[in-house]
Amino acid sequence: MATTCSAITLALPAGHPMLSYALLDVALLCFSALTADAIAATLAGLAGYALFQTFVVHTPGDVAGHGAVEVWRFTAVVLSVAIGLTIGRALRLVRQP
């Protein structure tokens, strides 16, 4: 999932990392809601953040942080997973007979 998102972001205009992270966040929210599996969603979120941090936003292999911006980006990833899991579990509770 994270690899597919990173491949899609190559088509986005360069110099706009927030678009890439927005795509990752939406994909994580959907993935978390569809699976409703906390472990899978957490691992996908961590892998996605690490992949975007090292290969999509910066030059390949360059792990460089930007202070408070990175905290907000990571917070957005965590919230996407949490909201997706909440939606997925709520839908499963509603659908149960």
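Since we're looking at a predicted model, the values are computed, not measured.

Caption draft 1: Here's a closer look at the overall build of the protein chain. From N to C terminus, the protein chain includes four helices and zero strands. Seen in sequence order, the protein chain has helices and strands lined up from the N terminus as α-α-α-α. Within the protein chain, the fraction of its 97 residues that count as buried is 31%. Partitioning the contacts of the protein chain with sequence separation of at least 6, the portion at a separation of at least 24 is 70%.

Caption draft 2: Main features of the packing of aromatic side chains. Following the criterion strictly, the structure yields two aromatic pairs and no others. Ring plane angle 75° and centroid distance 5.1 Å describe the contact between tyrosine 49 and phenylalanine 74, whose orientation is recorded as edge-to-face. Here the residue tyrosine 49 occupies a position in helix H3 (residues 38–56), and phenylalanine 74 occupies one in helix H4 (residues 68–95), the gap between them amounting to 25 residues. A residue is classified by how much of its surface remains accessible, and tyrosine 49, at 15% relative accessible area, is buried. Classification of phenylalanine 74 by relative accessible area gives partly exposed; the value is 33%. By way of ring pairs, the aromatic residues Tyr21, Tyr49 and Phe74 are connected into one cluster.

Cut-off values and rules
Residues numbered from 1 in each chain as written. Predicted model: local features only at pLDDT ≥ 70, side-chain atom pairs only at ≥ 80, totals over all residues. Heavy atoms only, no water. Helix = DSSP H or I, 4+ residues; strand = E, 2+ residues; numbered from the N terminus. Buried < 20%, exposed > 50% of the residue type's maximum accessible area, 1.4 Å probe, protein only. Contact = heavy atoms within 4.5 Å. Phe/Tyr/Trp six-rings, centres within 6.5 Å; stacked < 30°, edge-to-face > 60°.

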